[in-house]
Amino acid sequence: MALGAEWGLRWLRSHGGYRKQEGQRQRGQGTPIWALPRAKKRLLWQLLLTAFGFLGLYLYGLRSLRSLEVFIPMGICPRATMPLLRDNFTGVLQHWARPEVLTCTSWAAPIIWDGTFDPQIAEQEARRQNLTIGLTVFAVGRYLEKYLEHFLDSAEQHFMVGQSVVYYVFTDRPEAVPYMTLGQGRVLRVERVQQENRWQDVSMARMRTLHEALGGQLGQEADYVFCLDVDQHFTSNFGPETLADLVAQLHAWHYHWPRWLLPYERDKRSAAALSFGEGDFYYHAALFGGSVAALRKLTAHCALGQQLDRERGVEAIWHDESHLNKFFWLYKPTKVLSPEFCWDLKIGWRTEIHTPRLLWEPKEYTLVRN
Ligand code: UDP
Ligand code: MN
């Protein structure tokens, strides 16, 4: 009975409210919120609460959700593969030191994690071979003032300490490159490149420029070369344990993700396209390296892919990084660096990340991009 009365009252109220609303609409006035019928008020509240809920989840919740991704297993290196994973720089890798992470790829390349190698063996071997190691970096437009000095300063402290190093800085304003006092056996060369209209074009143009440089003086004076983004800095020893014929960096944001979720280019019209069954890992374009010959091949492949895309009027979703990922799918890296080698503090604290070697600078795109 009471329930029936309640429903009746509700019906009357809402019915009346509706008529009132109609009348107001006819007079051309909007209905104030407090005059809305109860059902509509409730709906409005529900919508508002859902919107705030999503906003909250977006701002705070996603981060905690993301931290759960560490529970997605990376896989385990098969025991039979372990002894195969040695090179002159690392010796036999100590896989047992890192049982919680994946220490090799399916094609038997080592994934280098902190604690699995002896940095002193690597240093001795590099000195014995009398290697010269190149480090290339682009600082075009506002990226120069914002990042270059800190990048080079930190490289002097941590990059291939005790080895012969040649820095190549590519910039549109050579005169603005800060003066640096370099350690013994270390030189810095500055090369002029042109500014592009779009930041994406600066990023992609690196492949062709690097290809040419590797075919010139850089290729003649260096044995191995690392090609890095400038918006990061070294925080710990980055030594010859990272050297190999073709070196790829696991992307800090994606190393736990299942393959089908990885942000590869999927548009078949692009030369960078990978279909859903393809791809091994998602690699970060902020760091790749290798021998001069291997990098000539890598940069030629990526530059050609970008050129073909331009002719077809398409652009890969993550630009040079998409083409790099396609290259590494076709030609497997011989050494893979764990995310410890290029880490983003924004991801937060993780037990499996021991000593980050490079840290991303906070993204300040409004300051540096056109
Ligand atoms: N870069 C530059 N000037 C530009 C755009 C890019 O010097 O206007 C270089 C710089 O070395 C930068 C790299 O290209 O680190 C890649 O661009 P960015 O770091 O902005 O890309 P993200 O890492 O955010 O994908
Ligand atoms: Mn970057």
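- The name given to the chain in an unreviewed UniProt entry is Alpha-1,3-galactosyltransferase 2 isoform X1, with the source organism recorded as Microtus ochrogaster.
- Turning to the chain, the UniProt record has this under Sequence similarities (unreviewed entry): "Belongs to the glycosyltransferase 6 family."
- Quoted verbatim from the Cofactor (unreviewed entry) heading of the UniProt record, the comment on the chain is "Mn(2+)".

## Digging into the pattern of salt bridges
- What the rule picks out here adds up to 18 salt bridges.
- Of the charged contacts in the structure, one is a salt bridge between E125 and R128, with a shortest N-O distance of 2.9 Å. Of this pair, E125 and R128 both sit in helix α3 (residues 119-128), 3 residues apart, which is roughly one turn of that helix.
- The closest approach of N and O atoms between R206 and D229, which form a salt bridge, is 2.7 Å. Within this pair, whereas R206 is found in helix α5 (residues 199-214), its partner D229 is found in the loop between β7 (224-228) and β8 (232-234), the two being separated by 23 residues in sequence. Accessibility classification places R206 together with D229 in one group, the buried group.
- Among the charged side chains, a salt-bridge network with shared partners connects R98, E100 and E340.

## Section: the site of ligand 1
- In the vicinity of ligand 1 there are 14 residues, among which F138, V140, Y143, D231 and Y365 approach most closely.
- At a separation of 2.9 Å, an oxygen atom of ligand 1 approaches a polar side-chain atom of K363.
- In isolation ligand 1 offers 510 Å² of accessible surface; the protein chains occlude 90% of this area.
- Examining the composition of the shell around ligand 1, we find that 4 residues originate from one element, α5, more than from any other.
- In terms of residue class, the shell around ligand 1 is built from 8 nonpolar, 1 polar and 5 charged.

## Regarding the domain arrangement of the chain
- Domain assignment breaks the chain into domain 1 (21-60) and domain 2 (74-368).
- Spacing between the C-alpha centres of domain 1 and domain 2 amounts to 51 Å.

## Details of the sheet that holds strand β9 (residues 246-250)
- In spatial order, the strands read β3-β11-β9-β10-β7-β4-β5-β6; together these 8 strands make up an open sheet with mixed pairing. Of all strands in the sheet, those bounded by a partner on one side alone are β3 (111-112) and β6 (186-192).
- Summarising the sheet, β9 and strand β10 (residues 283-291) pair through 4 bridges and their orientation is antiparallel. Bridge pairing in β10 places V247 opposite G289.
- Docked against the sheet, α5 engages β4 (132-138), β5 (164-171), β7 and β10, running at close to 150° with respect to β4.

## Concerning the nonpolar core
- In terms of nonpolar packing, the biggest core is built from 88 residues, with F159, F226, F238 and L298 touching the most fellow members.
- Among the elements that take part in this core, helix α4 (residues 143-158) stands out by supplying 7 residues, more than any other.

## Observations concerning the environment of H354
- Structurally, the position occupied by H354 is in the loop between β11 (335-337) and β12 (358-360).
- Taking the C-alpha atoms as reference points, H354 and G115, separated by 239 residues in sequence, lie 8.7 Å from one another.
- Once residues lying within four places of it in the same chain are set aside, the contact partners of H354 are R98, E100, D114 and E340.
- For H354, the side chain forms a polar contact with the side chain of R98, separated by 3.4 Å.

Calculation criteria
Residues numbered from 1 in each chain as written. Chains lettered and ligands numbered in written order. Predicted model: local features only at pLDDT ≥ 70, side-chain atom pairs only at ≥ 80, totals over all residues. Heavy atoms only, no water. UniProt positions renumbered as here; feature names shortened; annotations may be inferred. Salt bridge = Lys/Arg side-chain N within 4 Å of Asp/Glu carboxyl O. Helix = DSSP H or I, 4+ residues; strand = E, 2+ residues; numbered from the N terminus. Buried < 20%, exposed > 50% of the residue type's maximum accessible area, 1.4 Å probe, protein only. Near = heavy atom within 4 Å. Polar contact = N/O pair within 3.5 Å; in protein donor to acceptor, adjacent residues only side chain to side chain. Areas by Shrake-Rupley, 256 points an atom, 1.4 Å probe, with all protein chains shown as cover. Nonpolar A, V, L, I, M, F, W, Y, C, P; charged D, E, K, R; others polar. Domains from an automatic or database assignment. Pairing = 2+ DSSP bridges. Contact = heavy atoms within 4.5 Å. Axes fitted to C-alpha atoms, helices over the stretch in contact; angles between N-to-C directions. Core = buried A, V, L, I, M, F, W, Y, C linked by side-chain atoms within 4.5 Å.

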